[in-house]
Structures are given as structure tokens and as C-alpha cells.
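# Topology and contacts: notes
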Amino acid sequence: MDIQTLRNATAATEDDRIAALSEIVRATPALMRILGAINDLGLPDAWLVSGGVYQTVWNALTGRPPDFGIKDYDIIYFDGSDLSYEAEDRIIRNMNAALPDLADNLEVRNQARVHLWYEKRFGRPYFPLSCAIESLTTYAAKTHAVAVRLREGDTIDVRAPFGLSPIFAMRLVPNPLTDNRPTYEEKAKRMAALWPELEVVDWDAS
């Protein structure tokens with residue numbers, strides 16, 4: 001399906017966009033290496049999420065290099081059996097060792113323990129999650145809420161609780177479920193500078 005059709009919210013279906021996103025991921029070596037490393041390490045309920053995914057799509061849509069503008073690759077997993085920092089740090093170190101050339105750009109977090117440190121760092125409480133994907137609903141922008149993982153046979157599993165339409169439309173949409181306006185506006189400013197094609201929806205419009 002052509003790019004303009006995918007970018008049109010009504011011309012393409014969600015299944016069309018899932019197929020296109022999967023194809024883009026599969027054609028991006030860095031993403032496939034990360035997904036392979038996640039599986040090799042056996043991380044529970046583990047996904048590659050947010051910027052490393054949707055920004056790769058933006059780059060594909062606009063003809064930019066696959067890694068253009070990508071600050072980091074966010075890897076989330078959910079392990080409620082050990083909520084210690086030490087256990088999470090072991091996973092971080094193992095992931096860095098598996099992908100040494102990408103280590104400086106990897107952000108690995110156990111979503112089962114985010115509520116233990118979030119309020120101290122950001123000044124507002126964070127409810128305990130029941131699974132990794134639930135964290136996507138807390139992101140400042142609906143557009144950020146996308147996750148992928150690799151299944152058997154190189155099948156790409158895609159999750160996007162708010163849908164993929166904003167990603168393919170290159171439309172940054174705030175998430176009113178969160179009280180996170182400063183983060184949204186900060187990220188919007190950076191992204192609009194890198195991808196001037198991006199339409200930024202004002203926080204108050206949500």
C-alpha cells in the first residue's frame with residue numbers, strides 16, 4: 001500500500017497499518033537485532049516500544065535514514081518476581097553486552113517496579129502495573145504508545161492501545177489520561193524540529 005494511503009486515517013485500515021509497520025520493522029536491521037536479543041535473553045513480557053518504533057516509521061515515510069533522530073531504544077519487560085534494582089540492573093547489563101554497539105542508546109526498564117521510583121523522580125504517583133503493555137497508556141502522547149516483539153517465524157507482534165493512525169499520519173496527539181503536559185510539549189518541540197512534517201496537536205485540544 002502506498003504511503004499516502006497509509007497516512008490517510010480513513011483510506012487504510014488498522015490491519016493495513018499493522019502490516020506496514022511490521023514490514024518496516026523487519027526491514028530495519030537494528031530493530032530486528034534488538035528484538036532478537038530480547039528473545040535470546042528470555043525476558044518476560046518484553047517489548048521494544050515508543051520512539052525506536054514510531055520514529056523509524058516516520059523515517060521510512062519521509063525517506064530519511066532509519067536511525068535519524070532516534071535518541072534511544074526503549075525496551076520494557078514485566079517481572080514481578082523480583083522488584084529489586086539489582087535484578088533490573090542485571091538485565092540492563094546483559095542487554096548491553098548482547099548489543100555492545102547499541103548499548104549507549106538502550107533504555108531497559110522492568111515495568112513491574114516503576115511505581116517504586118516514579119513519584120520520587122517525577123513528583124506524582126504511578127499506579128502498579130499488571131503487565132508491560134499497560135504502561136503504554138501512561139505515555140504523554142497517544143502517538144508514542146506502540147510496542148513490537150518478535151514471535152516464532154519472525155512474525156512481528158504489534159500493540160498500539162490508541163491505534164497506529166496518528167503514527168502514519170505523522171500527527172502527535174496528547175494523551176489526556178496523563179497529567180503530563182510539560183513532557184508532551186518538550187518532546188513535541190524536539191520532534192517538530194527533527195521532523196518538520198509533523199503535525200503537533202495542542203495539549204488543550206485534547
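Residues numbered from 1 in each chain as written. Predicted model: local features only at pLDDT ≥ 70, side-chain atom pairs only at ≥ 80, totals over all residues. Heavy atoms only, no water.

## Focus on the overall build of the chain
Within the chain, the secondary structure is distributed over eight helices and seven strands. Here the C-alpha atoms of the chain give a radius of gyration of 17 Å, agreeing with the 17 Å that 2.2 N^0.38 yields for 206 residues. Counting only C-alpha atoms and orienting by the principal axes, one finds that the chain spans roughly 45 × 40 × 25 Å. Of note, the chain has its 22 positive side-chain charges centred 3 Å away from the centre of its 30 negative side-chain charges. (Helix = DSSP H or I, 4+ residues; strand = E, 2+ residues; numbered from the N terminus. Rg over C-alpha atoms; globule rule 2.2 N^0.38 Å. Lys, Arg positive; Asp, Glu negative; His and termini not counted. Charge placed at Lys NZ, Arg CZ, Asp CG, Glu CD.)

## Overview of the pairing of strand β4 (residues 147–150)
Along β4, one buried face is formed by Ala 147 and Arg 149 and the opposite face, lined by Val 148 and Leu 150, is buried too. Direction of pairing for β4 relative to strand β5 (residues 156–159): antiparallel, over a ladder of four bridges. When the sheet's bridge partners are listed, Leu 150 is paired in β5 with Ile 156. (Buried < 20%, exposed > 50% of the residue type's maximum accessible area, 1.4 Å probe, protein only. Pairing = 2+ DSSP bridges.)

## Comments concerning the environment of Thr 56
If you trace the backbone, Thr 56 turns up in helix α4 (residues 51–62). Overall, the relative accessible area of 3% leaves Thr 56 in the buried class. Residues Thr 56 and Asp 67 lie eleven residues apart in sequence; the distance between their C-alpha atoms is 6.6 Å. Excluding its chain neighbours within four sequence positions, the residues that come into contact with Thr 56 are Ile 24, Thr 28, Leu 31, Gly 51, Pro 66 and Ile 70. (Contact = heavy atoms within 4.5 Å.)

## Details of the sheet that holds strand β2 (residues 73–77)
On the basis of which strands lie adjacent, the open sheet formed by five strands has the order β3-β2-β1-β4-β5 and mixed pairing. With partners counted over all chains shown, the strands left at the sheet margins are β3 (106–110) and β5, one partner each. On average, each strand axis in the sheet is inclined to that of its neighbour by 30°, with strand direction left out of account. Sheet topology note: the β2/β3 ladder contains five bridges and is parallel. Residue Asp 74 lies in a different strand from β3, and its bridge partner there is Glu 107. In this fold α4 packs onto β1 (47–49), β2 and β4, with an angle of close to 55° to the strand it touches most, β1. (Axes fitted to C-alpha atoms, helices over the stretch in contact; angles between N-to-C directions.)

## Some points on the pattern of salt bridges
Enumeration according to the criterion identifies 13 salt bridges in this entry. Two residues, Arg 159 and Asp 157, come together in a salt bridge whose shortest N-O distance is 3.6 Å. With relative accessibility at 13%, the residue Asp 157 sits in the buried group. Residue Arg 181 pairs with Asp 204 through a salt bridge whose shortest N-O separation is 2.8 Å. In this pair, Arg 181 sits in helix α8 (residues 181–194) while Asp 204 sits in the segment after β7 (199–200), placing the two residues 23 residues apart along the sequence. A single salt-bridge network, built from bridges that share partners, covers Arg 149, Arg 151, Asp 157 and Arg 159. (Salt bridge = Lys/Arg side-chain N within 4 Å of Asp/Glu carboxyl O.)

## Points about the packing of aromatic side chains
To describe a pair of aromatic rings, you give the distance between the ring centres and the angle between the ring planes. Applying the stated rule across the entire model yields eight aromatic pairs. Where Trp 58 meets Trp 195, the ring centres are 5.2 Å apart and the plane angle is 70°; that geometry is what we call edge-to-face. Of this pair, Trp 58 sits in helix α4 while Trp 195 is found in the loop between α8 and β7, placing the two residues 137 residues apart along the sequence. When the ring of Tyr 118 is compared with that of Phe 122, the centres are 4.6 Å apart and the planes differ by 40°; the resulting orientation is tilted. Placement of the pair is Tyr 118 and Phe 122 together in helix α6 (residues 114–122), with a separation of four residues, close to one helical turn. Pairwise contacts between aromatic rings join Trp 117, Tyr 118, Phe 122, Tyr 126 and Phe 127 into one cluster. (Phe/Tyr/Trp six-rings, centres within 6.5 Å; stacked < 30°, edge-to-face > 60°.)

## Structural notes on the environment of Asp 79
On the secondary structure map, Asp 79 appears in the loop between β2 and α5 (85–98). Looking at Asp 79, the relative accessible area reads 24%, which means it is partly exposed. Here the alpha-carbon distance between Asp 79 and Pro 65, two residues 14 residues apart in the chain, equals 34 Å. Side chain to side chain, Asp 79 and Ser 81 meet in a polar contact 2.5 Å long. (Polar contact = N/O pair within 3.5 Å; in protein donor to acceptor, adjacent residues only side chain to side chain.)

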